[in-house]
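Chain by chain, the residues:
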Amino acid sequence: MASALAFVAALALACMPAVVSGAWEVNLDPGVTEISRAIFDLHMTIFWICVAIACLVFGVMLWAAYFHRKSRGAVAKHFHENTFLEILWTLIPIGILVLMAVPATATLIKIYDPRDAELDVLVTGYQWRWRYQYLDQELDYFSNMSTPMEQVTNQAAKGENYLLEVDRPLVLPVGKKIRFLLTSNDVIHSWWVPAIAVKQDAIPGFVNEAWTVIDKPGIYRGQCAELCGQNHAFMPIVLDVREEEEFAAWLSEAQAEAAAAGQESTREWTMDELMARGEEVYNTNCAACHQVTGAGVPPVFPALVGSPVVTGDIAAHEAIVLQGKAGTAMQSFASQLSAADLAAVITYERNAWGNNTGDLIQPSAIAEKLSNATGGE
Amino acid sequence: MSAVGTEVDTHDDHHHGPARGIGRWLFTTNHKDIGTLYLFFSLIMFLIGGSMALLIRAELFQPGLQLIEPGFFNQMTTLHGLIMVFGAVMPAFVGLANWMIPIMIGAPDMALPRMNNWSFWILPFAFAMLLSSLFMEGGAPNFGWTFYAPLSTTYAPPSVTYFVFGVHMMGISSIMGAINIIATITNMRAPGMTWMKLPLFVWTWLITAFLLLAVMPVLAGVVTMVLTDVHFGTSFFNAAGGGDPVLFQHVFWFFGHPEVYIMILPAFGIVSHIIPTFARKPLFGYASMVYATASIAVLSFTVWAHHMFTVGIPLAGELFFMYATMAIAVPTGVKVFNWMATMWRGSITFETPMLFALAFVVLFTIGGLSGLMLAIAPSDFQYHDTYFVVAHFHYVLVPGAVFGIMAGVYFWLPKWTGHVLDERAGRRHFWLSFIGVNLTFFPMHFIGLAGMPRRIPDYALQFADFNMVASIGAFLFGFSQLLFVWNVISNIRKGRQATDQVWEGAQGLEWELSSPPPYHSFSEPPKVN
């Protein structure tokens, strides 16, 4: 047996150099909020109680296994009950459980107090990205994983924050009470950032609540925690927590950028511009299902190459991108992408991978459709 | 186990032996044959489900995608769970029940022998249907064995329909098995075998059978709701149509939590036979064992939402489910303390069944304690859906349920085949499994606490080291099971003749029969005093 263990240990050691980072992390992170520290302390308290119980039980078993062995000449006694002992080992665990329940209840009550928030952020889960809407600041954007697929498929060296990096992090101010409202556009996701000890499910059709007050500026990373389909591993969460003034500066800058992006749809775009933007938009938003090659994963995710929708009537193609297809994973992108992005991606799909329809859709045309749709409500 | 009782009762010509050829297995109504069928079926499923686990662990050996696509990875996690729960663990316990309950209570056979045949023969078809979905367009079910809506409804691959019918068939099989066991135990005990004299394996199975009867119809209900949401335009779980995705989770876990105990209570029973046998001392606290098992079963209906602490349950709900879950630790503790006291001042030897039983107690206790940690709702916000949970339930199910089953098989195999166990081979299997299982699942506690979500085919770099250790452990554990197959088959084929009692300290009716027992045993009820 010793040789088997040694073999496994040797094999494990031999593989070590292949591993990029050597962090043998074994415990929760105490985190950067009052709640996360309270949860950490609770976790450690319960953990040590469990360790004590385990030592006691295993200690008695080991003692018996060693001293009450037949090979040591032990002769079996014949007792088989002891009412006092049996009542005792029912009552003592009850006492221990009550001791555990007290701090657990206190912490839980503290967590369930979302009152008096100073900033509200609506977090919406999509397959497979997050959308952040600052409700009173009129700011709204998507956050996609930015790790290149070449790293995932081992064609490029993996970066330091492999799978835990995004194009646009959720920027938050330090020291303010922030309330998260969570929902989903499709399946159930779960928004989890360990450093702030917030894990809350995002459920389609329902709105959940969670809150935090973050003590320390910094970058905090998390992931979707609920199985949400094939790219469940690829929808990270990144918080960029800043001092209040820096946050305010970032906010006004982001608002200005958003306003400028709104102007994009008024000008005339060339085919090359649309194709370049379209490829970018497609790879971020569509490739997860329809694949970078447009081949899809039939029958759940249809191919776009040579597809009758993509190569046929342009109005039908627009409709499916804008409104989605009921009863399938195809979402409505009308509220997810700007008019310029929508025009670019439709143009790209109609002209990439040998779909040479030559069609070109101007952002202004899409913008008109979008405003008609909202005007009609 | 094909050698069972063929030559043993030739002196008694009105007891005919088994039929010859394949017909024996297809048409048998004999509890021993059906028990054997269940056990072999379960072994095959264990190897198939285990191969899927190895594929998962191979992909997770290093960060990045090397072997399989994320979509196929999800199919593997889903099928691995379904096969291990419904194909390996549950049928193994039913097989053990079929073999042992009649000869433990002095009954000639199960109460409903034809139904017994039927409830087994449904299973191969159910799993053939489930596994055939691997070859369908769109692939096998990929929404996890917990099949949360709407991932399993609006967003499911077409094979979801096969999954639903497969689960229905498994459910029918389990319900019939449970009815049979209840009918046998209540009606067919030998004279003098009063309730409080029932062997503990029989008691734990009786309680398990009632759990099955109570919750399998709930599972059937929830898969039917999935089916109608997919095909008939209902909106049970679709918010856009007035339904509620969280309703799915409530119904599923109302089945799912008692299901956890269905997979562990019979193992408690097995261990409660093995420890007294090898400690040569009566079981400590028989009555409290029975009451503890019954309390666990009753409490198991009141804790389901501890699987759902992060779905947005009101404070009062969180507190209720937290307290109820913690309460289960009390009767579970009583059982562990009783096993401990049974060993105390015994005269202990460490044959293979005892090694598995002791590993069961120790490792199940670790799983129980991590369960207690998970019960604490505020900390569960950090543990939920991470590898900490994966570590927890694998500790309860692998060195728990699976070691319990293996302990039982090694314990009773000489009785079934009439051949003494090869101790060296048994111990080799034990130690490799013990090291493998801990190497696989212990590091998962660490990567879970460090923040790795479950059900992902690729992970961030800080989780790489422990994942590699877990994968190495998984391969060690997986391939060690070939030794188990070898040990069982070689014991069936040959070995020294075992005595009736087999083990020095064994007590009970089953040890008074010959080894192997006659094809039809206890045609005349024995006297129990």
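Note that the structure is a prediction, hence the values are computed from the model and not measured. (Residues numbered from 1 in each chain as written. Chains lettered and ligands numbered in written order. Predicted model: local features only at pLDDT ≥ 70, side-chain atom pairs only at ≥ 80, totals over all residues. Heavy atoms only, no water.)

Trainee: Got a minute to help me understand the interface of chain A and chain B in this structure?
Mentor: Often, the extent of an interface is quoted as the loss of accessible area on bringing the components together. At the interface, 105 residues of chain A touch 110 residues of chain B. Taking the shortest distance from any N to any O, the salt bridge between Lys70 of chain A and Glu504 of chain B comes out at 2.9 Å. Linking chain A to chain B there are 24 residue pairs in polar contact (both at pLDDT 80 or more). At the level of elements, α1 (2–15), α2 (34–67), α3 (83–111), β7 (198–202) and β9 (218–224) of chain A are the ones that each hand at least two residues to the side of chain A that touches chain B. Of the residues belonging to the side of chain A that touches chain B, the class tally is 67 nonpolar, 26 polar and 12 charged. (Contact = heavy atoms within 4.5 Å. Salt bridge = Lys/Arg side-chain N within 4 Å of Asp/Glu carboxyl O. Polar contact = N/O pair within 3.5 Å; in protein donor to acceptor, adjacent residues only side chain to side chain. Helix = DSSP H or I, 4+ residues; strand = E, 2+ residues; numbered from the N terminus. Nonpolar A, V, L, I, M, F, W, Y, C, P; charged D, E, K, R; others polar.)

Trainee: Help me out: how do you make sense of the sheet that holds strand β8 (residues 208–213) of chain A in this one?
Mentor: To summarise the sheet geometry, strands pair through backbone hydrogen bonds and adopt either a parallel or an antiparallel arrangement. Residue and element names in this part refer to chain A. Pairing is mixed across the open sheet formed by five strands, whose spatial order is β3-β2-β1-β5-β8. At either end of the open sheet lies a strand with only one pairing partner, and these are β3 (139–143) and β8. Mean inter-strand twist for the sheet, computed between neighbouring axes without regard to direction, equals 25 degrees. Relative to strand β5 (residues 177–184), strand β1 (residues 119–126) runs parallel, the two being bridged by seven bridges. Note on β5: the bridge partner recorded for Asp120 is Arg179. Lying over the sheet, helix α5 (residues 244–263) contacts β1, β2 (129–134) and β3, oriented at roughly 90 degrees with respect to β3. (Pairing = 2+ DSSP bridges. Axes fitted to C-alpha atoms, helices over the stretch in contact; angles between N-to-C directions.)

Trainee: I keep staring at α5 of chain A and nothing clicks. Help me out?
Mentor: An α-helix turns once per 3.6 residues; consequently, residues spaced three or four apart project the same way. Residue and element names in this part refer to chain A. The end-to-end C-alpha distance of α5 is 29 Å, a good match for the 28 Å that 20 residues give at a rise of 1.5 Å each. Residues Phe247, Trp250, Leu251 and Ala254 constitute the buried set of α5. Considered in projection along α5, the buried side chains sweep an arc of 105 degrees and stay on one side of the axis. In α5, those exposed residues whose orientation departs by more than 90 degrees from the buried face are Glu245, Glu253 and Gln263. (Expected span 1.5 Å × (residues − 1). Buried < 20%, exposed > 50% of the residue type's maximum accessible area, 1.4 Å probe, protein only. Arc of directions from axis to C-beta.)

Trainee: Quick question: what am I supposed to make of the pairing of β2 of chain A here?
Mentor: Residue and element names in this part refer to chain A. Burial of β2 is extensive: six of the six residues sit out of reach of the surface. Neither face of β2 is open: one carries Arg129, Arg131 and Gln133, the other Trp130, Tyr132 and Tyr134, and all of them are buried. Hairpin connection, β1 to β2: the antiparallel pair is bridged by two residues. As defined by bridge partners, β2 adjoins β3 across five bridges and the pair is classed as antiparallel. What sits directly across from Tyr132, in β3, is Tyr141. With antiparallel pairing between neighbouring strands as the criterion, β2 and β3 make up a hairpin whose turn holds four residues, including Glu138 at a positive phi of roughly 55 degrees.

Trainee: Please explain the packing of helix α3 (residues 70–105) of chain B against helix α4 (residues 113–132) of chain B as it appears in this structure.
Mentor: Two measures define how a pair of helices packs: the angle their axes make with one another and the distance between the axes. All names here are of chain B. Their axes nearest at 12 Å, the elements α3 and α4 cross at an angle of 165 degrees. What the angle tells us is that α3 and α4 run roughly antiparallel. Pair α3 / α4 crosses with left-handed handedness. Contact residues: α3 offers Leu79, Leu82, Ile83, Phe86, Gly87, Pro91 and Asn98, while α4 offers Asn116, Leu123, Phe127, Leu130 and Leu131. Among the residues making up the contact of α3 with α4, the classes are represented as nine nonpolar, three polar and no charged. (Parallel < 35°, antiparallel > 145°, perpendicular 65-115°, else oblique. Left-handed = near helix turned anticlockwise from the far one by under 90°.)

Trainee: Got a minute to help me understand the sheet that holds strand β6 (residues 189–193) of chain A in this structure?
Mentor: All names here are of chain A. Read from one edge to the other, the open sheet built from five strands follows the order β4-β10-β9-β6-β7, with strand pairing classed as mixed. Every other strand in the sheet has two partners, leaving β4 (170–173) and β7 as the edge strands with one partner each. For this sheet, the mean inter-axis angle between neighbouring strands, taken without regard to orientation, is 25 degrees.

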